[in-house]
Each structure stands twice: as C-alpha cells, then as structure tokens.
Amino acid sequence: MNQKVVEALTAQVNKEFYSAYLYLAMNQHFEGEGMPGMANWMYQQFQEEQFHAKKMLKYLNSRGQKVILEAIEKPLIEWPSTMAVFENVLEHEESITASINAIQGIAVDEKDFATMNFLQWFIDEQIEEEENASNLIKQLELIGDNGYGLLMLDKELAQRTFAEPAAE
Ligand code: OFO
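Each chain has its residues counted from 1, following the order in which its sequence is written. Selection of residues for local features in this predicted model requires a pLDDT of at least 70, selection of side-chain atom pairs for listing and counting requires 80 or more, and totals for whole chains, interfaces and linings are taken over all residues. Side-chain calculation: all heavy atoms of the structure are included, whereas hydrogens and water are not.

This next bit is on helix α1 (residues 3-33). In a regular helix each residue adds 1.5 Å, so 31 residues correspond to 45 Å; α1 covers 45 Å between its end C-alpha atoms and thus fits that length. Near the N-terminus of α1, the side chain that reaches the backbone nitrogen of K4, with its oxygen 2.9 Å away, is that of N2. Strands are runs of DSSP state E lasting at least two residues, helices are runs of H or I lasting at least four, and both sets are numbered from the N terminus onward. Phi for G34, located one or two positions after α1, is positive at around 70 degrees. Helix span, expected: 1.5 Å multiplied by one less than the number of residues in the helix. Polar contacts, as counted here, are pairs of nitrogen or oxygen atoms within 3.5 Å of one another; within protein the pair requires one atom able to donate a hydrogen and one able to accept it, and residues that are adjacent in sequence qualify only if both atoms are side-chain atoms.

Spelled out as structure tokens, the structure:
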C-alpha cells in the first residue's frame, strides 16, 4: 500500500478518535447543564465517531497495515452557550470534511483506487454530519432565548440512537 496514503489514513484514525472524545466532552457539558436530550445526541455522536475510527482501522488492517496509535489531544471542555457547542460541532465537522477530502486527493494522486472507493463512504457521511449540525444551529436561532423551545429541542434530541451496522 502507498506509504503516503497509509500515513494520511493513520492520522485520520486519530482525528476520528479525537472527534469521539470531543463529543464525549460535549456530552458531559450537557449532563452538567441538565439537558439530557442534548447529552444523548452527543453520546450517540461519540459512538458514531468510534465506529468511523474502527472502520478505518479495519480497512488498513485488511490491506496488511499495522496501525501505530498516537495520543489523543485533550478536547475543549467548556462552552459559553448551547449555540456555541453546536457551532463548534459544525466547525469541527467542516475540518473533518476538509481532512477526508485531502486524503482522497492523495489517493487520487497515488492512483490508490481501493482507497478512493473506501473513502467515498466517508465523503457521503460528511455531507450528513454537516447538514445535521447546521440544521440544529438554524433551530437554535429560531428558538433564541425561549426556554420552552430549548426544552422541546432537548426532548427531540433524546430520541437519537446509533447502532453499528451489523456487517461491520
Ligand atoms: Fe467522523 O465524522 Fe464527525 O468527526
């Protein structure tokens, strides 16, 4: 397997685990704020990010690579408002999209067709991740400082679940 592609995917495994850790920090933030639905949304996202990291690990392993795991950076642990948390989610997902796109660029340059095909799933997934975050920001803008609206949104976010696809 091309070394540049391996290095880029290995760095992305770390970024996916960092993403998981960031969402766990956001989960703890909302636990502390008495917002169990938002805490749940972040916890499901924490699980989804671990799934992304494991999917990449499994792909690298299937192509004969052993992955050297690096330290995971400490995430932010405090945000000034609910809006600030979700703005952070969107900004973070945009940076992950840029990172995945950059790896796809390397795979294209190196003519690694299997990786190009593998990364398509992540490229599609990032569209959804950004859309979810920007929809929540729009809803928070509508709610403004209406406490009842915020509680209704919290109830809605309590419904989110994540289950790893069986084939994985
Ligand atoms: Fe792994 O998609 Fe979010 O970070």
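Continuing now.
A pairing counts as a salt bridge when a side-chain nitrogen of Lys or Arg comes within 4 Å of a carboxyl oxygen of Asp or Glu. For the structure on display, the rule yields four salt bridges. Residues E110 and K4 are paired through a salt bridge, measuring 3.3 Å at the closest nitrogen-oxygen approach. Pair noted here: E110 is in the loop between α3 (82-109) and α4 (113-143) and K4 is in helix α1, with a separation of 106 residues, a long-range link. Between buried and exposed lies partly exposed: a residue is buried under 20% and exposed over 50% of the maximum accessible area for its type, with that area taken using a 1.4 Å probe on protein chains only. Overall, K4 belongs to the exposed group, its relative accessible area being 52%. Across the pair E48 and R160 runs a salt bridge, and its minimum N-O distance is 3.0 Å. Of this pair, E48 sits in helix α2 (residues 36-62) while R160 sits in the segment after α5 (147-157); the two residues are 112 residues apart in sequence, bridging distant segments of the chain. Each member of the pair, E48 as well as R160, is classed as buried.

Below, the discussion takes up the packing of aromatic side chains. Pairing of aromatic rings covers Phe, Tyr and Trp, the last through its six-membered ring, and needs centres within 6.5 Å; plane angles under 30 degrees mean stacked, over 60 mean edge-to-face, and all others mean tilted. In this structure the tally under the stated criterion is eight aromatic pairs. Ring geometry for Y59 and F118: centres 4.0 Å apart, planes at 5 degrees, overall stacked. Here Y59 is found in helix α2, whereas its partner F118 is found in helix α4, with 59 residues between them in sequence. By relative accessible area, Y59 is classed as buried at 11%. Between the aromatic rings of W121 and F122, the centroid separation amounts to 4.9 Å while the plane-to-plane angle is 80 degrees, which identifies the pairing as edge-to-face. On the accessibility criterion, F122 (1% relative accessible area) is buried. Here the aromatic residues F51, Y59, F118, W121, F122 and F162 are joined through ring pairs into a cluster of three or more. When the ring centre of W121 is taken as reference, the NZ or CZ atom of K55 above it lies at 4.6 Å. Here R160 stacks its cationic end above the ring of W41, 4.5 Å away from the centre of that ring. Here, a charge over a ring means that NZ of Lys or CZ of Arg falls within 6 Å of the ring centre while also lying within 35 degrees of the ring normal.

Time to look at the side chain of H29. Relative to the elements of secondary structure, H29 occurs in helix α1. Working rule for contacts: check all heavy atoms of both residues, and any pair within 4.5 Å makes them a contact. With residues up to four places along the chain from it excluded, the contact list for H29 reads W79 and V85.

Relative to the helices and strands, M116 is located in helix α4. Residues M116 and I106 lie ten residues apart in sequence; the distance between their C-alpha atoms is 9.2 Å.

Counting 27 residues, the largest nonpolar core has M26, F30, M38, M42, F86 and V89 as its most contacted members. Counting residues per element, this core draws most heavily on α1, which supplies seven residues. Dropping the residues within four chain positions of it, F30 is found in contact with M35, M38, A39, M42, T82, V85 and F86. To define a nonpolar core, start from buried Ala, Val, Leu, Ile, Met, Phe, Trp, Tyr and Cys residues and group those joined through side-chain atoms within 4.5 Å. By size, the runner-up hydrophobic cluster in this structure holds 16 residues, among which are V5, V6, V67 and F118.

Distances and angles like these do not, on their own, reveal function.
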